[in-house]
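Structural overview
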Amino acid sequence: MKRFQNKIAESRRTLPITILYGVGIWLLAGLVHQGWWFQFVCFFTSVFAMIHLNNINLLIRVYSRSVSVFYILLACSATWMFASIQGTVQVLSMAAGLLLLCSCYQDQKSSGRTFYLYMLISIVSLLEPHFLLFVPIFLLLMATTIYSLSWRTFFAALLGLITPYWLFTGWQLYTYRYQPEMAIDYLKRFTDMQWAADYSVVTTQQWAYLALLMVLFVVGAIHFWMTSYMDKIRVRQIYNSLMMLTIYTLVLMALQPQKYDTFIGMLTIVVSPIVAHFFTLTRTRLSNLFFIATMIAILVLTGMNLWIL
């Protein structure tokens with residue numbers, strides 16, 4: 001029997017309505033008044049990447065657009081992220097990076113896509129050095145769940161990481177040709193990185209959003225582990241990758257809470273498909289009640305953040 005959650009998850013109208021909802025939240029948050037057009041374009045480009053991720057990998061075994069729907073709903077409840085150009089660029093880069101990673105499944109000759117994946121990480125790290133902390137987990141996923149790691153892809157990854165720094169340093173050397181010592185001055189950010197955890201910088205609404213993501217992740221992960229035998233092996237491995245990324249990101253946030261905004265975008269991206277899988281493929285009365293409670297929590301959190309904003 002289809003319940004309310006299944007009708008919503010499987011409806012062809014859900015995604016267009018959710019997109020309109022997302023545009024409305026951006027307008028209410030100050031899109032026009034604040035001039036957040038670049039951030040707005042980055043956000044909806046990342047939505048397109050999530051749609052494409054679901055389409056080419058068939059993440060849910062019935063027709064559903066709920067992966068991108070839940071991404072929009074969750075991301076739009078974190079309205080404090082809208083103003084950050086760096087934050088939206090990071091989210092877009094990781095959505096595209098996840099798309100590239102999954103496209104390399106069981107392809108140990110995917111040097112080009114691996115190069116672009118690590119080049120994206122490297123480019124973003126020029127803005128935020130902590131982003132390089134995602135390199136180890138992506139290499140681990142390539143070796144253990146995506147099965148694309150080989151000598152060829154490993155060196156492609158290294159080249160992808162080096163290339164942006166090599167090009168940027170060359171440009172700096174040209175710009176500061178009379179002061180060459182200034183050309184590598186930007187590397188001091190790596191030695192100035194703060195490693196001591198500072199939980200005082202995390203606001204109440206940020207804790208509330210993180211708590212929502214964690215609850216949804218735990219429930220979705222338990223459901224997936226119990227029913228994963230019904231999915232194809234490729235889909236199982238992709239979801240295992242998403243869960244490993246989620247746990248790794250949560251560890252990073254526990255160790256570096258002052259970089260909350262750097263890591264929360266990745267957490268939103270990887271939790272969304274897990275939540276979508278749960279709500280689309282469960283049909284119990286309890287899950288239906290949990291779906292309604294989740295929608296209420298998202299709306300309340302969004303309203304609270306809009307009010308504070």
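Look above for the structure.
What comes next concerns the included structure.

About the thresholds
- Residues numbered from 1 in each chain as written.
- Predicted model: local features only at pLDDT ≥ 70, side-chain atom pairs only at ≥ 80, totals over all residues.
- Heavy atoms only, no water.
- Salt bridge = Lys/Arg side-chain N within 4 Å of Asp/Glu carboxyl O.
- Helix = DSSP H or I, 4+ residues; strand = E, 2+ residues; numbered from the N terminus.
- Buried < 20%, exposed > 50% of the residue type's maximum accessible area, 1.4 Å probe, protein only.
- Patch = residues over 30% accessible without salt bridge, like charges linked within 9 Å, V, L, I, M, F, W, Y side chains within 5 Å.
- Areas by Shrake-Rupley, 256 points an atom, 1.4 Å probe, with all protein chains shown as cover.
- Axes fitted to C-alpha atoms, helices over the stretch in contact; angles between N-to-C directions.
- Parallel < 35°, antiparallel > 145°, perpendicular 65-115°, else oblique.
- Left-handed = near helix turned anticlockwise from the far one by under 90°.
- Contact = heavy atoms within 4.5 Å.
- Nonpolar A, V, L, I, M, F, W, Y, C, P; charged D, E, K, R; others polar.
- Polar contact = N/O pair within 3.5 Å; in protein donor to acceptor, adjacent residues only side chain to side chain.

This next bit is on the pattern of salt bridges. Side-chain pairing between opposite charges can occur once the charged atoms of the two side chains come close. Enumeration over the complete set of coordinates arrives at four salt bridges. In this structure, the salt-bridge partner of R283 is E10, at a minimum N-O distance of 3.4 Å. With a gap of 273 residues between them, R283 in the loop between α13 (260-281) and α14 (285-308) and E10 in helix α1 (residues 4-10) connect regions that are remote in the sequence. Judged by its relative accessible area of 35%, R283 falls in the partly exposed class. Given the relative accessible area of 17%, E10 is considered buried. Between D231 and R61 there is a salt bridge, and its shortest N-O distance comes to 2.8 Å. Of this pair, D231 sits in the loop between α11 (204-227) and α12 (233-255) while R61 sits in the loop between α4 (37-57) and α5 (66-77), and the two are 170 residues apart along the sequence. We classify D231 as buried; its relative accessible area is 6%. Taking the relative accessible area as the measure of exposure, R61 reaches 34% and is therefore partly exposed.

Moving on to a nonpolar patch on the surface. Taken together, the side chains of F4, I8, L289, I292, I296 and V300 define a hydrophobic patch exposed on the protein surface, amounting to about 520 Å² of accessible area. For the nonpolar patch, the secondary structure elements donating two or more residues are α1 and α14. If one sorts the elements of the nonpolar patch by residue count, α14 sits on top with four residues. Assignment of secondary structure puts I296 in helix α14.

Where α4 meets α5, the closest approach of the two axes is 8 Å, and the angle between their N-to-C directions is 150 degrees. The pairing of α4 with α5 is recorded here as roughly antiparallel in orientation. Here α4 runs over α5; the crossing is right-handed. Residues F43, S46, V47, M50, I51 and N54 of α4 lie in contact with α5, whose contacting residues are V67, S68, Y71, I72, A75 and C76. Across the contact of α4 with α5, the residue classes break down as nine nonpolar, three polar and no charged.

As a further point, take unusual backbone geometry. The bulk of non-glycine residues show a negative phi, and the bulk of peptide bonds are trans. For L58, which is not a glycine, the phi torsion comes out positive at approximately 50 degrees. Tracing the sequence through the fold places L58 in the loop between α4 and α5. When its relative accessible area of 55% is taken as the criterion, L58 is described as exposed. For Q106, which is not glycine, the phi torsion reads 55 degrees and is therefore positive. Along the chain, the position of Q106 falls in the loop between α6 (85-103) and α7 (111-127).

Mapped onto the elements of the fold, A49 is located in helix α4. Classification of A49 by relative accessible area gives buried; the value is 9%. Each C-alpha atom, one on A49 and one on T227, is 26 Å from the other, the two residues being 178 residues apart in sequence. In contact with A49, not counting residues within four places along its chain, are A95 and L99.

In this section: the side chain of Q237. Considering the arrangement of structural elements, one finds Q237 in helix α12. Its relative accessible area of 12% is what places Q237 among the buried residues. A polar side-chain atom of Q237 sits 2.7 Å from a polar atom in the side chain of Y147. Among the polar contacts made by the side chain of Q237, one reaches the side chain of N240 at a distance of 3.1 Å. Apart from residues no more than four positions distant in its own chain, Q237 is found in contact with Y105, T144, T145 and Y147.

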